[in-house]
Amino acid sequence: MDTICILHAGTEKTGTTSLQRFLAMNATTLSKRGIWVPRSLVRDPLRDPYNHTLLSTASRLSVSKPDDLQRGLGLLSMDAVHEHRRLTIEALTAERNALAYTPSTIIVSNEHIHSRLYKAVDLAHAKDILAP
């Protein structure tokens with residue numbers, strides 16, 4: 001059975017945080033229904049527990065230098081961004097392998113997908129992270 005991926009790329013200031021709070025409040029119930037909301041794509045689990053910022057920072061590769069979001073993670077070169085991508089994929093894979101269930105659905109939400117991954121190649125990079 002294939003896993004369905006719901007990718008919420010809400011624009012900034014349009015209720016994305018409300019959706020992410022819903023995911024946080026209902027994570028246990030969702031997992032019991034086979035819905036996986038990954039934690040390994042979260043930059044700050046205490047402040048934004050279901051904001052999947054790392055999907056955006058690990059997928060924006062079509063440029064010559066890191067943007068402010070990537071630099072905020074200490075990624076000061078594109079080599080550092082590529083290493084960040086490798087580590088992000090590794091963490092997501094480990095999290096999925098540790099699940100006690102096979103998810104029927106994965107939900108990912110980040111408003112930066114809309115504002116940072118506007119080139120088709122960068123969206124393809126995000127898909128490559130989520131596809132396995």
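Everything below is about the structure shown above.
The following paragraphs examine the structure supplied in this document.

Calculation criteria
- Residues numbered from 1 in each chain as written.
- Predicted model: local features only at pLDDT ≥ 70, side-chain atom pairs only at ≥ 80, totals over all residues.
- Heavy atoms only, no water.
- Core = buried A, V, L, I, M, F, W, Y, C linked by side-chain atoms within 4.5 Å.
- Buried < 20%, exposed > 50% of the residue type's maximum accessible area, 1.4 Å probe, protein only.
- Helix = DSSP H or I, 4+ residues; strand = E, 2+ residues; numbered from the N terminus.
- Contact = heavy atoms within 4.5 Å.
- Phe/Tyr/Trp six-rings, centres within 6.5 Å; stacked < 30°, edge-to-face > 60°.
- Lys NZ or Arg CZ within 6 Å of the ring centre and 35° of its normal.
- Pairing = 2+ DSSP bridges.

1. Some points on the nonpolar core
- Ranked by size, the top nonpolar core spans 12 residues in total: Trp36, Leu41, Leu55, Ala58, Leu92, Ile106, Val108, Ile113, Leu117, Ala126, Ile129 and Leu130.
- Contributing elements (two or more residues each) for this core: strand 3 (105-109) and helix 7 (120-130).
- With three residues, helix 7 is the single largest residue contributor to this core.
- If sequence neighbours within four positions are ignored, valine 108 has contacts with Ile6, Leu7, His8, Pro38, Leu41, His52, Leu55 and Leu130.
- In terms of nonpolar packing, the next biggest core, distinct from the first, is built from six residues, Leu23, Ile35, Val37 and Tyr50 among them.

2. Things to note about the packing of aromatic side chains
- As enumerated under the stated definition, the model contains zero aromatic pairs in all.
- Lying across the ring of tyrosine 50, arginine 39 places its NZ or CZ 4.8 Å from the centre.

3. Regarding the pairing of strand 3
- Extensive coverage of strand 3 is indicated by the burial of five of its five residues.
- Burial of the side chains of strand 3 extends over both faces: Thr105, Ile107 and Ser109 are buried on one face and Ile106 and Val108 on the other.
- With five bridges joining them, strand 1 (residues 4-8) and strand 3 adopt parallel strand pairing. What sits directly across from cysteine 5, in strand 3, is isoleucine 106.
- Alignment of strand 2 (residues 35-36) against strand 3, held across two bridges, turns out to be parallel.

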